[in-house]
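Single-letter residue listing:
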Amino acid sequence: MKRYILVLSFATACAFSLSSCSDFLEEPILGQQGMDNYFTTEEECAKQVIGCYQGIACDDWWQIYKFYNASEMCTDDAWMGNTTQDAGNYRHLTMYTGNTIEGGNACQDFWQYRYKGIFQCNVAIQKIPRLTFNNETYKQRLLGEAKFLRAYQYFELVRNFGGVPLVKGLKMPNEIKGITRASVEETYAMIEQDLLEAIEVLPLRSAQSSAEIGRATKGAAQGLLAKVYLYQEKYKEAETQLQAVMKSNEYSLLSNFSDVWSMDHNNSQESLFEIQTSGEISYKLGERYSVVVGSRDDSGWSWGLPSSHLEKAFTDEGDNIRLLWTILHHNQTYVPNDNTWSATNPYIITPSKHKSARCNMKLYIPRAKRVKPYDAPHIALNFRLLRYADILLMYAEVENQLGKDTEAQQALNQVRKRVNLANVTATGKQLRDAIRKERRLELAFENNRLYDLRRWKDDNGKAAICNVMGPNGSWVIYNTKTSSDQYEKSNQNESSSEGSAFTEGRDELFPIPNSEIILSGGSIKQNPGYN
């Protein structure tokens with residue numbers, strides 16, 4: 001941990017023009033300053049908070065997005081996908097090999113860069129209060145943003161690794177010697193405290209200027225806190241926060257599902273929080289995740305490809321609208337919003353190169369909207385971290401758990417109505433299962449599926465992931481015995497038995513990177529089952 005505990009990056013300048021929805025992430029500062037001669041003006045404090053935002057995804061695909069993609073590969077929604085290149089460390093997570101060293105290495109960058117982001121937030125939280133501002137409300141808002149961002153990053157750590165070391169201030173190496181992991185409960189308590197404090201001082205979205213769109217809001221903090229409560233099965237507390245978001249009238253579903261992941265609808269009425277991007281090629285402020293998941297026949301890398309198991313879930317539900325906007329197929333002649341492809345020039349995802357001959361449509365960039373160079377972190381598609389459809393589906397889940405099935409049905413059916421699906425009238429466990437299925441279809445490839453499977457309890461008392469993975473798991477049985485998908489069955493360069501080695505009691509969490517355990521002198525302990 002001490003390799004990065006001292007890192008400080010005063011990343012981005014705040015160029016609050018009105019020309020872009022991501023204005024506040026437009027121009028990086030060149031060079032670095034020490035803390036002794038910084039934080040002497042309100043502007044310098046604001047710049048530090050902007051640096052905290054950049055820490056959410058950093059400046060390319062490998063620090064954070066790679067891990068997001070790996071989490072999708074660990075579910076029944078996706079394959080590793082690329083069958084022409086070595087999968088490297090991806091393999092040890094997605095195949096559930098239990099290899100502590102290699103699996104931990106696959107988590108290394110994510111762990112390190114989450115703590116770097118936390119450190120940036122800690123700097124802001126500790127330094128900003130020492131300066132007298134002309135506007136105390138503005139000062140408190142900046143602190144609220146830093147606390148929101150710190151909470152988000154700790155949330156990402158706890159749901160992947162369990163309890164983690166809690167670093168709350170500017171700690172020198174001798175001050176963290178012998179640091180240990182907090183419990184899951186202690187980690188969540190800190191997250192809750194940060195978010196509750198942020199809610200008190202963050203503005204409503206409607207109170208933001210156009211140049212501030214994309215910054216944390218009261219609604220974003222309430223929505224994230226609701227998810228934090230939901231993960232802990234604190235249903236009443238989650239209900240309170242979700243109702244606050246819904247009653248605020250700050251958010252609503254977009255009319256068309258096709259617009260949810262459109263570059264033309266970044267920061268839409270449905271968005272509570274997104275990773276902000278810019279297509280300005282002078283800086284690395286865009287995303288390259290779209291390239292990582294794209295077809296190798298279309299300048300992509302083909303990692304993280306949709307499964308036929310996910311497609312079957314769409315077709316079984318008669319959900320043609322979301323299927324069209326979630327999964328792109330080999331030889332597809334109509335690609336929405338891109339007239340490049342036709343019956344005489346179909347879209348190609350060569351089956352011998354791609355396990356499922358399918359790609360992620362949510363992150364597909366139409367040819368006419370691609371910047372040059374395309375294979376670079378310059379794509380201006382914001383990654384949706386929390387949106388109103390998720391709020392509604394969390395509310396449906398909470399109300400069902402609290403025995404309020406009418407309210408649960410109403411929230412669930414708002415989401416279904418947008419894609420022309422019939423109302424759900426089921427109650428009890430049948431309604432619970434309908435809500436779970438809806439989350440899979442609505443939120444596919446949005447960094448939710450793995451964590452939903454880990455937290456849901458099935459009727460046999462096991463975590464849902466234990467019934468999906470393992471030698472008798474639904475995902476493994478489908479792929480090895482019942483699937484008739486020609487592409488997945490014929491391309492065994494990625495084995496269709498993926499997930500069969502899942503071990504209950506170990507694989508509900510990822511391994512702590514071994515290098516962090518060594519650096520701590522052994523005070524940080526590994527997760528159970530990893531040797």
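The structure this text deals with has already been given above.
Rules used throughout
- Residues numbered from 1 in each chain as written.
- Predicted model: local features only at pLDDT ≥ 70, side-chain atom pairs only at ≥ 80, totals over all residues.
- Heavy atoms only, no water.
- Core = buried A, V, L, I, M, F, W, Y, C linked by side-chain atoms within 4.5 Å.
- Buried < 20%, exposed > 50% of the residue type's maximum accessible area, 1.4 Å probe, protein only.
- Helix = DSSP H or I, 4+ residues; strand = E, 2+ residues; numbered from the N terminus.
- Expected span 1.5 Å × (residues − 1).
- Contact = heavy atoms within 4.5 Å.
- Disulfide = S-S within 2.5 Å.
- Axes fitted to C-alpha atoms, helices over the stretch in contact; angles between N-to-C directions.
- Parallel < 35°, antiparallel > 145°, perpendicular 65-115°, else oblique.
- Left-handed = near helix turned anticlockwise from the far one by under 90°.
- Nonpolar A, V, L, I, M, F, W, Y, C, P; charged D, E, K, R; others polar.
- Polar contact = N/O pair within 3.5 Å; in protein donor to acceptor, adjacent residues only side chain to side chain.

Draft legend 1. Expanded view of the nonpolar core. In terms of nonpolar packing, the biggest core is built from 147 residues, with Tyr 68, Phe 148, Tyr 154 and Phe 161 touching the most fellow members. Ranked by the residues each element gives to this core, the list is headed by helix α5 (residues 136–161), at twelve residues. Judged by nonpolar contacts, the second largest core, of nine residues, contains Phe 314, Leu 323, Ile 327 and Phe 445.

Draft legend 2. Region of interest: unusual backbone geometry. Here Lys 372 and Pro 373 are connected by a cis peptide whose omega angle stands at 0°. Along the chain, the position of Pro 373 falls in the loop between β7 (358–360) and β8 (383–387). The phi angle at Phe 39 is positive, at roughly 60°, despite the residue not being glycine. For Phe 39, the position within the fold is in the loop between β2 (27–28) and α1 (42–54). For Phe 39, a relative accessible area of 8% puts it in the buried group. Despite not being glycine, Cys 58 shows a phi value in the positive range, around 65°. Here Cys 58 lies in the loop between α1 and α2 (65–73).

Draft legend 3. Helix α14 (residues 405–418), seen in detail. When the terminal C-alpha atoms of α14 are compared, their 20 Å separation across 14 residues agrees well with the 20 Å that a helix rising 1.5 Å per residue should span. Among the residues of α14, Asp 405, Ala 408, Gln 409, Ala 411, Leu 412, Asn 413, Val 415, Arg 416 and Arg 418 are the ones counted as buried. In this fold, the buried residues of α14 make contact with α11 (308–317), α12 (320–324), β8, α13 (388–401) and α15 (428–442). Asn 420, located one to two residues past α14, shows a positive phi value of around 60°.

Draft legend 4. Highlighting the state of the cysteines. Counted by the stated rule, this structure contains zero disulfides. In this structure Cys 107 is not part of a disulfide, and its nearest cysteine sulfur, from Cys 74, lies 8.6 Å away. Cysteine Cys 121 is unpaired, with the sulfur of Cys 52 as its nearest cysteine sulfur at 3.9 Å.

Draft legend 5. Fine view of the packing of α13 against α15. Where α13 contacts α15, the two axes come as close as 10 Å, and the packing angle between them is 165°. In terms of orientation, α13 and α15 fall into the roughly antiparallel class. Considering the relative orientation of α13 and α15, their crossing is left-handed. Seen from α13, the contacting residues are Ala 389, Asp 390, Leu 393, Met 394, Ala 396, Glu 397 and Asn 400; seen from α15, they are Gly 428, Leu 431, Arg 432, Ile 435, Glu 438, Arg 439 and Glu 442. The class makeup of the residues in the contact of α13 with α15 is six nonpolar, two polar and six charged.

Draft legend 6. Inspection of the side chain of Asp 77 at higher detail. Mapped onto the elements of the fold, Asp 77 is located in the loop between α2 and β3 (78–79). Owing to a relative accessible area of 0%, Asp 77 belongs among the buried residues under this scheme. At a separation of 2.7 Å, a polar atom in the side chain of Asp 77 contacts the side chain of Arg 440. Dropping the residues within four chain positions of it, Asp 77 is found in contact with Leu 305, Pro 306, Ser 307, Leu 310, Arg 440, Ala 444, Phe 445 and Arg 449.

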